[in-house]
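# Structure assessment
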Amino acid sequence: MNNSFLRISIWVYLAIFFLYLLGPLVIMSITAFNSSGFPRMSPWECLTFQWFGELFQDQRILNGIKNSLIIGIGTVILSVAMGLAGALMLTQIWPKLRATYYTIIIAPILIPGVVLGISTLVFWDRINRMLGLGADSFLSNGIFLTVIGQSTFIASYCMLVLVARLQRYDVALTEAALDLGASHAQAFRKILLPFMRPAIASAAVLAFLASFENYNTTTFTFGEYPTLTIELAQKVRYGITPAISALAFIIVALTVFFALLNEAKLKRQELVAAARKNATVEELAGKIKLPSFFSGNMAAVLLVVFAVATITVVGTAATYNPAQCIADVREQKKLEAEQRIQELRKQREERLKQREAEEAEQGGAQSTPKPSNNSGFGNVFAPNSLGGDENEGADGGSDSESAPSNNSGFGGVFDPNSLQSDE
């Protein structure tokens, strides 16, 4: 019971992990075939291949791909050469200095790409000025600066890959070649280099991929030669289109294809080596029956399935015309928009009628208000407050013709009689 629960938990975890890892790539690839003007998978409108056509007609994207390829090749050459030199030095340096040397070589990996880009730009600008060159010199070229800036940290990755391979090398082979009269260059070219060839190929692929997708360092050094990542960042800033999804689908498809091809090749080599190892003396003397390319090679089967699916998609794209489907979708959207407008108009008319009815009901109940002398200051400035009390004579028992009052509205403070002395 516990083993079954553990097994189910592992499969559920793997499903969630790969769904989280590959889900966005699958969704973005599907949006490349939807006729919607904005990349989305739902609601689905029509199957179309027009975004691939627009992608290959976008000169900015094509120019970015060309610059990325040029910079990637330059970065591979420089990074692999520096990485191999660093790996050889690490194996031959004095053992007490290896830790310090290793730390110095690995340091560029720990430095942010923004710092590397700015420092590369500033350093080579100073060199350019010291040499008295102009702003259009080779040292100020965007491709040169980008290759130098990217190689400063990609070379460290290459060195790690090459060191892992170099640790399994038997130095006695080189010493034997030197004892037999070979020079150091011949020993390196005919013994060490063939041994390091798989690691050099892996380091070259790693360097190219790291250069192709780099953005932090490149954004300060590209100059007039923007790479694909720079162009995509600028396009996304002003609005994304499904043409970018088409580009993502092409990159994912190529990655899967070459990964399956490499896996099928490695599996084929393992099967052939196992067949030769298990062969008897009679089979070795005769004709060894080696396994076929598809025998026990699941990667090869998946590669063929992937190739057939790609050919089917390309054939469908050449014959399929989604014009009628797109026209029907546009007509449906137009009808839905008109229906929505009519509903909004009807709601607006109902609100107006309801408002008019409410105003008619309240109109008869309202009366005209009497004019008010309230000025909002507590009737301080009312006309009656400035004169004397008109009913004072009646209340005090005096004559009907009372003396004029000098009350100025300030409590009699300025009354002339108040200024005289008390008799």
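These remarks concern the structure in this document. (Residues numbered from 1 in each chain as written. Predicted model: local features only at pLDDT ≥ 70, side-chain atom pairs only at ≥ 80, totals over all residues. Heavy atoms only, no water.)

Let us look at the packing of aromatic side chains. Counted by the stated rule, this structure contains 13 aromatic pairs. Relative to Phe249, the ring of Phe52 lies with its centre 6.0 Å away and its plane at 80°, an arrangement referred to as edge-to-face. Residue Phe52 is found in helix α2 (residues 50-57), and its partner Phe249 is found in helix α11 (residues 242-277); the two are separated by 197 residues along the sequence. Taking relative accessible area as the criterion, Phe249 reaches 27% and is therefore assigned partly exposed. (Phe/Tyr/Trp six-rings, centres within 6.5 Å; stacked < 30°, edge-to-face > 60°. Helix = DSSP H or I, 4+ residues; strand = E, 2+ residues; numbered from the N terminus. Buried < 20%, exposed > 50% of the residue type's maximum accessible area, 1.4 Å probe, protein only.)

A few words now on helix α6 (residues 142-166). A turn of α-helix holds 3.6 residues, and therefore any two residues three or four places apart point the same way. The end-to-end C-alpha distance of α6, which contains 25 residues, comes to 35 Å, matching closely the 36 Å that a straight helix rising 1.5 Å per residue would cover. Along α6, the sharpest kink reaches roughly 40°, centred on Thr152. With 19 of 25 residues buried, α6 lies mostly within the body of the structure. Its side-chain oxygen at 2.9 Å from the backbone nitrogen of Ile143, Asn141 defines the N-terminal cap of α6. (Expected span 1.5 Å × (residues − 1). Bend = angle between axes of the 7 residues up to and from the residue. Polar contact = N/O pair within 3.5 Å; in protein donor to acceptor, adjacent residues only side chain to side chain.)

The next thing to look at is the side chain of Thr217. Mapped onto the secondary structure, Thr217 falls in the loop between α8 (184-213) and α9 (218-221). Discounting residues that sit within four places of it in the chain, Thr217 has contacts with Gly113, Leu116, Gly117, Gly149, Gln150 and Phe153. (Contact = heavy atoms within 4.5 Å.)

Following the criterion strictly, the structure yields seven salt bridges and no others. For Lys333, the salt bridge identified is with Glu45, shortest N-O distance 2.8 Å. You can see Lys333 sitting in helix α14 (residues 323-365) and its partner Glu45 sitting in the loop between α1 (2-31) and α2, a full 288 residues away along the chain. The exposure class assigned to Lys333 is partly exposed, which follows from its relative accessible area of 42%. By relative accessible area, which is 15% here, Glu45 ends up buried. For Arg129, the salt bridge identified is with Asp125, shortest N-O distance 3.4 Å. Pair noted here: Arg129 and Asp125 are both in helix α5 (residues 113-130), with a separation of four residues, about one helical turn. Relative accessible area serves as the criterion here: at 25%, Asp125 is assigned to the partly exposed category. A single network of salt bridges, built from pairs that share partners, joins Arg40, Glu45 and Lys333. (Salt bridge = Lys/Arg side-chain N within 4 Å of Asp/Glu carboxyl O.)

In contact at an axis separation of 9 Å, α5 and α6 are set at 130° when each is read in the N-to-C sense. Classified by the angle their axes make, α5 and α6 are oblique. Judged by the twist between their axes, the crossing of α5 over α6 is right-handed. For the pair α5 and α6, contact is made by Leu116, Thr120, Leu121 and Trp124 and by Phe144, Leu145, Ile148, Gly149, Thr152 and Phe153, respectively. (Axes fitted to C-alpha atoms, helices over the stretch in contact; angles between N-to-C directions. Parallel < 35°, antiparallel > 145°, perpendicular 65-115°, else oblique. Left-handed = near helix turned anticlockwise from the far one by under 90°.)

What follows deals with the state of the cysteines. Per the stated rule, a full pass over the model turns up one disulfide. Disulfide pairing is shown between Cys46 and Cys325; the S-S distance is 1.9 Å. Measuring handedness by torsion sign, the sulfur bridge of Cys46 and Cys325 sits at about -90° and is left-handed. Note that Cys46 is positioned in the loop between α1 and α2 and Cys325 in helix α14, a separation of 279 residues in sequence. The exposure class assigned to Cys46 is buried, which follows from its relative accessible area of 1%. (Disulfide = S-S within 2.5 Å.)

A water-sized probe, rolled over the atoms, reveals where empty space remains. Taken as a whole, the largest pocket holds about 1,100 Å³ of empty space. Lining the largest pocket are 31 residues, with Phe208, Leu209, Leu254, Thr255 and Phe258 sitting closest to its centre. Mapped onto the lining of the largest pocket, the elements with two or more residues apiece are α2, α3 (59-92), α8, α10 (228-237) and α11. Its boundaries defined by the atoms lining it, the second largest pocket holds a volume of some 780 Å³. Around the second largest pocket, the lining comprises 29 residues; the ones closest to its centre are Phe249, Ile250, Val252, Ala253 and Phe306. Of all the secondary structure elements, the ones that give two or more residues to the lining of the second largest pocket are α1, α2, α11 and α13 (298-319). Sort the elements by how many residues they give to the lining of the second largest pocket and α11 lands first, with 11 residues. A class-by-class count of the residues in the lining of the second largest pocket yields 26 nonpolar, three polar and no charged. (1 Å grid on protein atoms, 1.4 Å probe; cavity = no way out; pocket = protein on both sides within 12 Å on 5 of 7 lines; lining within 4 Å. Points joined across faces, edges and corners; volume = space filled by probe spheres on them. Nonpolar A, V, L, I, M, F, W, Y, C, P; charged D, E, K, R; others polar.)

Take it as geometry only, folks, not as evidence of what the structure does.
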